[in-house]
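# Summary of structural features
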Amino acid sequence: MEKVEVSYGSDPSGLVWGYLFGVTPEALAVDSAAALAWMRDHAANNPAQFIWLHFNLSNAASEKWLTTHANLAEEFYETLHTGSRSTRIELAEDTLIAVVNDVLHNFSFEESDISTLWVSVARNVVVSARRKPLQSIERVRQAVRQGEPVRSSVELLIHLLRDQADVLVKIVRDAVERVDDIEDKLLADRPTARREDLGAMRRVLVRLQRLLAPEPAALFRLLQRPPSWMADLDTQELREATEEFSVVLSDMSSLQERIKLLQEEIAARVSEETGRSLFILTIVTVLALPINIIAGMLGMNVGGIPLSHHPAGFWIIAGIIATFTVVAGWLVTRAARRLR
């Protein structure tokens, strides 16, 4: 079969790339016409070979081509339109249907940077589809282009899960670096992060954990009753890949707790600063109270104001005000010491 290079953008059928495994030591890149010819003439007669087709669902022709030529299980199309977005792997008509949530290439800790990949895995045909370019599936493609051997169609799915775990590890590391920097500045009394920023990061991590954690019930059913064509080695590696996921998700949970503690620490410091500001404002108000009261009384335009004709009246009033201010300051300071 002739080797064909496929561009990153999808062709008229919506195919982004296609690879045929088992013909040569390295996978052969194929276009939609070559893939259709192989599925029609060779798929049933070559159990050691399988093909991987990756589609862009933003191209309206993708689903039409799949419906006409790919002979996929109905459950695959249901997950495209009405299925839950939670990560899971299910068995339908002797085919594995996987819903995998992944992050975009330019992931920046925004909730909108998470998208979904749908995968159908049969013995001879693997179909993956997405609406936006995703990191993990691109890592699998780069590995295939570099000549990494892929033994079976299930191993391709396992490769995807492990690459996704690697992407999550990098996301967790980046988040840990950001949290460490915020924590160091907080301990050095140079806080620069706001609670809202930490809250946004925590929400993204929670959403990642909720979407990426594989559904245990569906996975348990699959591992207990795998399809007949699935090798024991593939079943074991699939179990190990999901365990790797569990480790990453556990680290993500620990990071969420750290962010929560930092939020509480920042909130406590803000509350302390607010209390200190209110205390200072209270002291100023109390110290200014005698001045305001006496100034208000002496400013009334009525007869009988004391010391109005006394030659030292100003200094007498100033002394009275100073005395009241000193006494008020002493009382406030004493009350503050008791509160501490």
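Bear in mind the structure is a predicted one, so any value in this text is a computation, not a measurement. (Residues numbered from 1 in each chain as written. Predicted model: local features only at pLDDT ≥ 70, side-chain atom pairs only at ≥ 80, totals over all residues. Heavy atoms only, no water.)

Before going further, it helps to examine the confidence of the model for the protein. Considering every residue of the protein, the mean pLDDT works out to 80; 87% of them sit at 70 or more. Between residues 1-8, whose pLDDT stays under 50, and residues either more than four places distant or in other chains, the model counts 24 contacts. (pLDDT = per-residue confidence, 0-100. Contact = heavy atoms within 4.5 Å.)

Spanning 35 residues, helix α5 (residues 153-187) covers 51 Å between terminal C-alpha atoms, matching the ideal 51 Å at 1.5 Å per step. Taken from the residues just after α5, Asp-189 is the one with a positive phi, measuring 60°. (Helix = DSSP H or I, 4+ residues; strand = E, 2+ residues; numbered from the N terminus. Expected span 1.5 Å × (residues − 1).)

Another aspect to go through is empty space enclosed by the protein. Scanning the model with the defined rule gives 4 cavities of 30 Å³ or more in all. As a volume, the largest cavity reaches approximately 60 Å³. Taken together, Trp-52, Val-119, Val-121, Val-126, Ser-128, Ile-137, Val-140, Leu-156, Leu-157 and Leu-160 make up the lining of the largest cavity. Put simply, the parts of the chain that give the lining of the largest cavity at least two residues each are β6 (114-121), β7 (125-130), α4 (135-145) and α5. With 3 residues, α5 is the largest single contributor of residues to the lining of the largest cavity. Of the residues belonging to the lining of the largest cavity, the class tally is 9 nonpolar, 1 polar and no charged. (1 Å grid on protein atoms, 1.4 Å probe; cavity = no way out; pocket = protein on both sides within 12 Å on 5 of 7 lines; lining within 4 Å. Points joined across faces, edges and corners; volume = space filled by probe spheres on them. Nonpolar A, V, L, I, M, F, W, Y, C, P; charged D, E, K, R; others polar.)

The next point concerns the sheet that holds strand β3 (residues 50-56). The mixed open sheet is built from 7 strands, whose spatial order is β2-β1-β3-β7-β6-β5-β4. Only two strands of the sheet have a single partner each, and these edge strands are β2 (28-29) and β4 (88-92). Judged from the 6 bridges that link them, β3 and β7 form a sheet pairing that is parallel. Bridge pairing in β7 places Leu-53 opposite Val-127. The sheet contacts of helix α1 (residues 32-41) involve β1 (15-21), β3 and β7, and relative to β3 the element is tilted by about 140°. With respect to the sheet, helix α3 (residues 74-81) is in contact with β4, β5 (95-103), β6 and β7, its orientation differing from that of β6 by roughly 175°. (Pairing = 2+ DSSP bridges. Axes fitted to C-alpha atoms, helices over the stretch in contact; angles between N-to-C directions.)

On to the pattern of salt bridges. Scanning the entire structure with this criterion turns up 11 salt bridges. Taking the shortest distance from any N to any O, the salt bridge between Arg-162 and Glu-240 comes out at 3.4 Å. Placement of Arg-162 in helix α5 and of Glu-240 in helix α8 (residues 232-298) is noted, with a sequence separation of 78 residues between them. The exposure class assigned to Arg-162 is partly exposed, which follows from its relative accessible area of 25%. Three or more residues joined by partner-sharing salt bridges are found here, namely Arg-151, Glu-155, Asp-234 and Glu-237. (Salt bridge = Lys/Arg side-chain N within 4 Å of Asp/Glu carboxyl O. Buried < 20%, exposed > 50% of the residue type's maximum accessible area, 1.4 Å probe, protein only.)

A surface patch of negative charge is lined by Glu-74, Glu-75, Glu-78 and Glu-93. Tracing the sequence through the fold places Glu-74 in helix α3. (Patch = residues over 30% accessible without salt bridge, like charges linked within 9 Å, V, L, I, M, F, W, Y side chains within 5 Å. Areas by Shrake-Rupley, 256 points an atom, 1.4 Å probe, with all protein chains shown as cover. Lys, Arg positive; Asp, Glu negative; His and termini not counted. Charge placed at Lys NZ, Arg CZ, Asp CG, Glu CD.)

One simple way to see leftover space: roll a probe sized like a water molecule over the atoms. In this structure, the largest pocket spans a volume of roughly 330 Å³. Along the wall of the largest pocket there are 16 residues; nearest its centre are Ala-70, Asn-71, Leu-72, Ala-122 and Val-125. Residues belonging to the lining of the largest pocket are distributed by class as follows: 8 nonpolar, 5 polar and 3 charged.

The next point concerns the pairing of β3. Of all 7 residues making up β3, 7 are buried, and the element is well covered by its neighbours. Both faces of β3 are covered, namely the face carrying Phe-50, Trp-52, His-54 and Asn-56 and the face carrying Ile-51, Leu-53 and Phe-55. The sheet contact formed by β1 and β3 spans 6 bridges and is antiparallel. Each bridged residue has a counterpart across the sheet, and for Gly-18 the counterpart in β3 is Leu-53.

Time to look at the pairing of β5. Judged by how many residues are buried, β5 sits mostly within the fold: 9 of 9 residues are covered. Burial along β5 is two-sided: the face carrying Thr-95, Ile-97, Val-99, Asn-101 and Val-103 and the face carrying Leu-96, Ala-98, Val-100 and Asp-102 are both buried. Sheet analysis places β4 next to β5, joined by 5 bridges and oriented antiparallel. Along β5, the bridge assignment pairs Ile-89 with Ala-98. The turn linking β4 back onto β5 is made up of 2 residues, and Glu-93 within it adopts a positive phi angle of 55°.

Right, let's talk about the nonpolar core for a bit. Within the largest apolar cluster, 61 residues are counted, with the highest numbers of intra-cluster contacts made by Trp-52 and Leu-208. Examining the composition of this core, we find that 15 residues originate from one element, α5, more than from any other. Contact partners of Trp-52, with chain neighbours within four places excluded, come to Trp-17, Gly-18, Tyr-19, Phe-21, Val-126, Ser-128, Ile-137, Val-140, Arg-141, Val-144 and Leu-156. (Core = buried A, V, L, I, M, F, W, Y, C linked by side-chain atoms within 4.5 Å.)

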